[in-house]
Amino acid sequence: MHWLAKPGDGIRRDWLKRFDARYWTVDFARPAMGSVVTTAADALRIDAAFYTASDLVGLIWESADRWDHPLIAYETRRDYRGTRLSFRWRSEGDCRTLPDLDGPTLTIEGRDASGTPKSWYVRLWNYAEGDADDAMIALDFDAMDGGFLLPGEADPVWAGDIDRMFISVVPEGYTREDVPLAAPGTATVRIEDVRCDGASSVLEIGDACLPPHRLRMAGGYDDSYTLTPERVLGNALKLGYRDWFNHYVGMSHYFRLGWDGARFVVAGGDPLNAPCRVWHQDFCARAGALGFQVILSLSYELFDAHAPEDWKQRAGDGSPALTGWEPPSTLLSPANEAAMAWLRSVAEAFAEFEAPWFQIGEPWWWTGFGADRTPCFHDAAATAAYAAETGLAAPPAMADVSETPSTAQAAYHAWLGGKLGASTLALRDAVKDAAPGIKVALLFYAPQVLRAEADWLAAVNMPAAWAYPAFDVLQLEDYDFVIEGNAGGMRRARTAVSDALGYAPAEQHYFSGFVLSAADRHLWQPIAAAAEDALKRVAETFVWAFPQVMRDGFTFFEIEEDTALGFHDVAFPLALAEGASGGPLFSTQIVTSVSGYEQRNSDWAQARLRYDAGPGVRSEEDLAALIGFFRARRGRAFAFRFRDPFDFSSNGMTGTPSPIDQMLGAGDGVRTVFPLVKHYGEGETRRITRPDAASVRVAVAGAEQTEGWSLEGGAVTFETAPAGAVTAGFLFDVPVRFAEDSIEASLQGWRAGDIPSAPIIEVREA
């Protein structure tokens, strides 16, 4: 089950000191790199890598929490009056010190007392006691001035309306010019003994703590580099994620750079930049201490601006493979040995962090994105290697994947698949040699490969070299199929992993996600459904990805108290149901403090129905019918249908259904499956899994459809993907079971007016 939490939904609250070390962030403009980690409850460390004379890394505190899940975010409060902050500053390496021109400066962004946007630049040295690289800083937000020289240049700070503030760290060679430094530099700043006091020094923060569940978390460094690892893992833990954390090292923030005379490209030697190395050491150590098995994931994807030109996959016209990100990434050619050797060195470097698992993520020959479906199979390294190994020239390039390959092209495609397979096995072996005992998984992205209009792509991007037992686990990702409602594509993906590649369910993981835009929050419904289905089929299931879970408030939970062994598709006797008493039930935990204040936590996003069928017994025949039905269900063992006498129709509560009662979704010409739902007031949407099949009516764009669709369980499946709003009307039952394994009744007692009790509880279904 899941729900999408919004700001204000959290009930349990706690208190947080402003400027808590866990909640600082870093950011910067390329090519600079930076990271922040906590080193104690009141201390943090900032690492920076500098390449140009204009590089700046900022340590940031934001008044509004943009990063945490709504249930555990801190409150937005822009008034810092009555706040005092102090800390110890220690710096080392290639950076300006406190007294220097352009030395560490606190930039405060907000509005002045009149509401006019304004920034103040507070030179930390003006509030320091100590040495240039080791001093105590004391800042009183009620008595603080911007300006370099005080009091002559004083610009009094008005702290009543601040959006954010950041402390700048720049290289010694900082001139604001966009030119390479004489040599790249690194710096480390330690901020320790952080203290905040005063009347406004405390913030309210969400204190939700969800029960552990079986869904696992997946995230990535490109999305989380700005946060402390402690904050990332703390979010996951409080939201119930346990045991596994899949972490993609990204394609744009981990590598070290060098100047090639024209631009910065990935450098030889140690492939990792210093901030990345420190962040991942901290992340892996903390995750392990919390009981997470970390899977470090590396792909063939690389930030295009820093990729050597001859490493890139290319189309027949020489254009490079470019993804849909902005700015774009490119794909490294499996046929380019220099590129593959560098990638292996990256894998070996990450293996040093002692994560128990490593993932080779989505390796493929690029076949386009969006409307551009041009295969990128003809980089110079690939065509040269093909000629050298086969004695044949590479065949003419295909312009689009929808074309049918010629015999020569098919042979070339098989060779490309072999190169891809060999490169992944070499990467696997490099990791295992660097970290004996580590396990290696491969993540297969099915929608890029298993396409109905281009079945030949499997020869290129699903090589036989991947067949079991090449990898310890085969991980499947198919979110394009999921969000499109493409049930056929999902089936092809599962068949490929199980049959073609030979991985049993125990050697499979499944990745469900993701929602790129906040405007597409509705996509969490099919994503969650796919994840819940996978939890029944494979060893582990992951939700992709961490930043979207935080942004949209995705909240997953499992209800384990249902003990029914199966489902009998029979209806509870209607005469008894009409006399039953009961209704919707919620679960709320209430804690009362010694001062009398309450904290309330709602465990369920949706009500669960609970009824007592006993009041429906009005005769000895009714009692016999109840006992007979109870025995056939073996008490709690088997669930069954129950017609809620107060709510059983899509039209209001009990009205006659029409085909336009409930919106199921927007038909986009791709999606074919639309689960039945009923919408209630204030945003609650209820999944309907047991409709009365004979009552279901369906419409597309307001026009009723009498054919071309079928009802599969609780979902409408179209033969041809519809275009237009899909609506439906229906009667429905509730899946329930008996809540107890016994019925206490006696004929003499019943005749004396005693009503037997037969409690019934709703069973959650995916």
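Residues numbered from 1 in each chain as written. Predicted model: local features only at pLDDT ≥ 70, side-chain atom pairs only at ≥ 80, totals over all residues. Heavy atoms only, no water.

1. Looking at the overall build of the chain
Part 1 of the reasoning: Helix and strand counts for the chain stand at 14 helices and 46 strands.
Part 2 of the reasoning: Its C-alpha radius of gyration of 30 Å places the chain within 12% of the 27 Å reference for a compact globule of 766 residues.
Part 3 of the reasoning: If you line up the chain on its principal axes, its C-alpha atoms span 95 × 80 × 50 Å.
Part 4 of the reasoning: Looking at the chain alone, contacts between residues at least 24 apart form 77% of all its contacts between residues at least 6 apart.
Part 5 of the reasoning: Summed over all atoms, the accessible surface of the chain reaches about 31000 Å², with 52% contributed by carbon and sulfur.
Part 6 of the reasoning: Across the chain, the mean location of the 67 positive side-chain charges is 4 Å away from that of the 106 negative side-chain charges. (Helix = DSSP H or I, 4+ residues; strand = E, 2+ residues; numbered from the N terminus. Rg over C-alpha atoms; globule rule 2.2 N^0.38 Å. Contact = heavy atoms within 4.5 Å. Areas by Shrake-Rupley, 256 points an atom, 1.4 Å probe, with all protein chains shown as cover. Lys, Arg positive; Asp, Glu negative; His and termini not counted. Charge placed at Lys NZ, Arg CZ, Asp CG, Glu CD.)

2. Structural notes on the UniProt feature "domain: Non-contractile tail sheath TIM barrel" (unreviewed entry) in the chain
Part 1 of the reasoning: Using the residue numbers shown here, the UniProt feature "domain: Non-contractile tail sheath TIM barrel" (unreviewed entry) corresponds to residues 211–554.
Part 2 of the reasoning: Within residues 211–554, the helical portion is 37% and the strand portion 17%, while the C-alpha atoms at the span's ends are 15 Å from each other. (UniProt positions renumbered as here; feature names shortened; annotations may be inferred.)

3. Examining the UniProt feature "domain: Non-contractile tail sheath N-terminal" (unreviewed entry) in the chain
Part 1 of the reasoning: Under the UniProt annotation, the feature "domain: Non-contractile tail sheath N-terminal" (unreviewed entry) is placed at residues 16–206.
Part 2 of the reasoning: This span, residues 16–206, is 0% helix and 52% strand, and a straight line between its end C-alpha atoms measures 10 Å.

4. A look at empty space enclosed by the protein
Part 1 of the reasoning: One pass over the full model with this rule turns up 2 cavities of 30 Å³ or more.
Part 2 of the reasoning: A volume near 50 Å³ is recorded for the largest cavity.
Part 3 of the reasoning: In this structure, the largest cavity is lined by Pro375, Phe377, His378, Pro395, Pro396, Ala397, Met398, Gln409, Tyr412 and His413.
Part 4 of the reasoning: Its residues assigned to classes, the lining of the largest cavity shows 7 nonpolar, 3 polar and no charged.
Part 5 of the reasoning: Considered as a void within the structure, the second largest cavity measures approximately 30 Å³ in volume.
Part 6 of the reasoning: Every residue lining the second largest cavity is listed: Trp24, Leu44, Leu85, Phe87, Ile167, Ile191 and Val194.
Part 7 of the reasoning: Of all the secondary-structure elements, those providing two or more residues to the lining of the second largest cavity are β7 (84–93) and β15 (180–197).
Part 8 of the reasoning: Class assignment for the residues of the lining of the second largest cavity results in 7 nonpolar, no polar and no charged. (1 Å grid on protein atoms, 1.4 Å probe; cavity = no way out; pocket = protein on both sides within 12 Å on 5 of 7 lines; lining within 4 Å. Points joined across faces, edges and corners; volume = space filled by probe spheres on them. Nonpolar A, V, L, I, M, F, W, Y, C, P; charged D, E, K, R; others polar.)

5. Concerning the sheet that holds strand β31 (residues 581–585)
Part 1 of the reasoning: The sheet built from 6 strands is open, its strands ordered β30-β35-β45-β46-β34-β31 with mixed pairing. The open sheet has two edge strands with one neighbour each: β30 (566–571) and β31. Geometrically, the sheet is characterised by an average inter-axis angle of 30° between neighbouring strands, direction not taken into account.
Part 2 of the reasoning: As paired elements, β31 and strand β34 (residues 608–612) share 5 bridges and run antiparallel to each other. By the bridge assignment for β34, glycine 583 is matched with arginine 610. (Pairing = 2+ DSSP bridges. Axes fitted to C-alpha atoms, helices over the stretch in contact; angles between N-to-C directions.)

6. Observations regarding unusual backbone geometry
Part 1 of the reasoning: That bond from leucine 150 to proline 151 is cis: its omega, 5°, falls within 30 degrees of zero.
Part 2 of the reasoning: Among the structural elements, proline 151 can be located in the loop between β12 (145–146) and β13 (155–156).
Part 3 of the reasoning: Residues glycine 513 and phenylalanine 514 are joined by a peptide bond in cis, for which omega reads -10°.
Part 4 of the reasoning: For phenylalanine 514, the location among the structural elements is in the loop between β27 (508–513) and α10 (524–535).
Part 5 of the reasoning: Within the chain, aspartate 102 stands out as a residue other than glycine whose phi angle is a positive 65°.
Part 6 of the reasoning: Mapping aspartate 102 onto the fold places it in the loop between β7 and β8 (105–111).
Part 7 of the reasoning: The backbone of aspartate 193 shows a phi angle near 55°, a positive value even though the residue is not glycine.
Part 8 of the reasoning: In this structure, aspartate 193 sits in strand β15.

7. A look at the pattern of salt bridges
Part 1 of the reasoning: Applying the stated rule across the entire model yields 49 salt bridges.
Part 2 of the reasoning: Between lysine 6 and aspartate 9 there is a salt bridge, with the nearest N and O atoms lying 3.6 Å from each other.
Part 3 of the reasoning: Judged by relative accessible area, aspartate 9 falls into the partly exposed class, the value being 25%.
Part 4 of the reasoning: When the shortest N-O distance is used, the salt bridge between lysine 118 and aspartate 155 registers 3.2 Å. Residue lysine 118 is found in strand β9 (residues 117–123), and its partner aspartate 155 is found in strand β13; the two are separated by 37 residues along the sequence.
Part 5 of the reasoning: Lysine 118 gets classed as partly exposed once you look at its relative accessible area, which sits at 27%.
Part 6 of the reasoning: Aspartate 155 gets classed as partly exposed once you look at its relative accessible area, which sits at 25%.
Part 7 of the reasoning: Within this structure, Arg263, Asp304, Glu309, Lys312 and Arg314 form a network of salt bridges that share partners. (Salt bridge = Lys/Arg side-chain N within 4 Å of Asp/Glu carboxyl O. Buried < 20%, exposed > 50% of the residue type's maximum accessible area, 1.4 Å probe, protein only.)

8. Digging into the nonpolar core
Part 1 of the reasoning: Residues Tyr254 and Phe444 are the most contacted members of the largest nonpolar core, which totals 187 residues.
Part 2 of the reasoning: No other element matches the 9 residues that helix α4 (residues 337–351) contributes to this core.
Part 3 of the reasoning: For this core, the domains that each give at least three residues are domain 1 (2–206) and domain 2 (217–556).
Part 4 of the reasoning: Discounting chain neighbours no more than four positions away, the residues touching phenylalanine 444 are Val449, Leu450, Asn461, Met462, Trp466, Leu474, Gln475, Leu476, Glu477 and Val497.
Part 5 of the reasoning: Phe572, Leu609, Tyr611 and Val736 belong to the second largest nonpolar core, which has 20 residues in total. (Core = buried A, V, L, I, M, F, W, Y, C linked by side-chain atoms within 4.5 Å. Domains from an automatic or database assignment.)

9. Quick notes on the domain arrangement of the chain
Part 1 of the reasoning: We note that the domain assignment places domain 1 (2–206), domain 2 (217–556), domain 3 (567–646 + 736–762) and domain 4 (662–732) within the chain.
Part 2 of the reasoning: Averaged C-alpha coordinates put domain 2 and domain 4 at centres separated by 35 Å.
Part 3 of the reasoning: At the junction of the two partners, domain 2 supplies 4 residues and domain 4 supplies 5 residues.
Part 4 of the reasoning: Approximately 400 Å² of surface area, both sides summed, lies buried where domain 2 meets domain 4, with 58% of it carried by carbon and sulfur atoms.
Part 5 of the reasoning: On the domain 2 side of the interface with domain 4, the three residues burying the most area are Glu484, Gly485 and Gln525, jointly 74% of the side's total.
Part 6 of the reasoning: Counting the contacts that link domain 2 with domain 4 gives 0 salt bridges.
Part 7 of the reasoning: Our count for the domain 2 to domain 4 interface comes out at 2 residue pairs in polar contact (both at pLDDT 80 or more). (Buried area = accessible area lost by both parts, 1.4 Å probe. Polar contact = N/O pair within 3.5 Å; in protein donor to acceptor, adjacent residues only side chain to side chain.)

10. Section: the pairing of β9
On a regular strand, one side chain projects to one face of the sheet and the next to the other, so that they alternate.
Part 1 of the reasoning: Sheet topology note: the β8/β9 ladder contains 7 bridges and is antiparallel. For glutamate 109, the partnering residue across the bridge sits in β9 and is serine 119.
Part 2 of the reasoning: Counted along the chain from β8 to the antiparallel partner β9, the turn is 5 residues long, and its residue glycine 115 has a positive phi close to 90°.

11. What about helix α13 (residues 620–632)?
Part 1 of the reasoning: Its 13 residues place the ends of α13 18 Å apart at the C-alpha level, agreeing with the 18 Å of an ideal helix rising 1.5 Å per residue.
Part 2 of the reasoning: Buried residues along α13 sit against β30, α12 (574–578), β35 (638–642) and β45 (734–738).
Part 3 of the reasoning: Count one or two residues on from α13 and you reach arginine 634, which has phi positive near 55°. (Expected span 1.5 Å × (residues − 1).)

12. Observations concerning the environment of valine 696
Part 1 of the reasoning: Along the chain, valine 696 falls in the loop between β39 (685–687) and β40 (697–700).
Part 2 of the reasoning: Discounting residues that sit within four places of it in the chain, valine 696 has contacts with Pro691, Trp709, Leu711, Gly729 and Phe730.

13. Concerning the side chain of threonine 226
Part 1 of the reasoning: Assignment of secondary structure puts threonine 226 in the loop between α1 (221–224) and α2 (229–238).
Part 2 of the reasoning: There is a polar contact of 2.3 Å between the side chain of threonine 226 and the backbone oxygen of valine 26.

14. Describing α10
Part 1 of the reasoning: For α10, with 12 residues, the first-to-last C-alpha span of 16 Å sits near the 16 Å given by 1.5 Å per residue.
Part 2 of the reasoning: Buried within α10 we find Trp524, Ile527, Ala528, Ala530, Ala531, Glu532, Ala534 and Leu535.

15. Concerning the packing of aromatic side chains
Part 1 of the reasoning: Counted according to the given criterion, the structure contains 48 aromatic pairs.
Part 2 of the reasoning: Taking 4.8 Å as the distance between ring centres and 10° as the angle between the ring planes, the aromatic pair formed by phenylalanine 511 and phenylalanine 542 counts as stacked. Within this pair, whereas phenylalanine 511 is found in strand β27, its partner phenylalanine 542 is found in strand β28 (residues 540–544), the two being separated by 31 residues in sequence. We note that phenylalanine 511, like phenylalanine 542, is buried.
Part 3 of the reasoning: Joined through ring pairs, the aromatic side chains of Phe19, Tyr23, Trp24, Trp61, Tyr74, Tyr80 and Phe141 make up one cluster.
Part 4 of the reasoning: Its end group placed over the ring of tyrosine 510, arginine 537 keeps NZ or CZ at 5.9 Å from the ring centre. (Phe/Tyr/Trp six-rings, centres within 6.5 Å; stacked < 30°, edge-to-face > 60°. Lys NZ or Arg CZ within 6 Å of the ring centre and 35° of its normal.)

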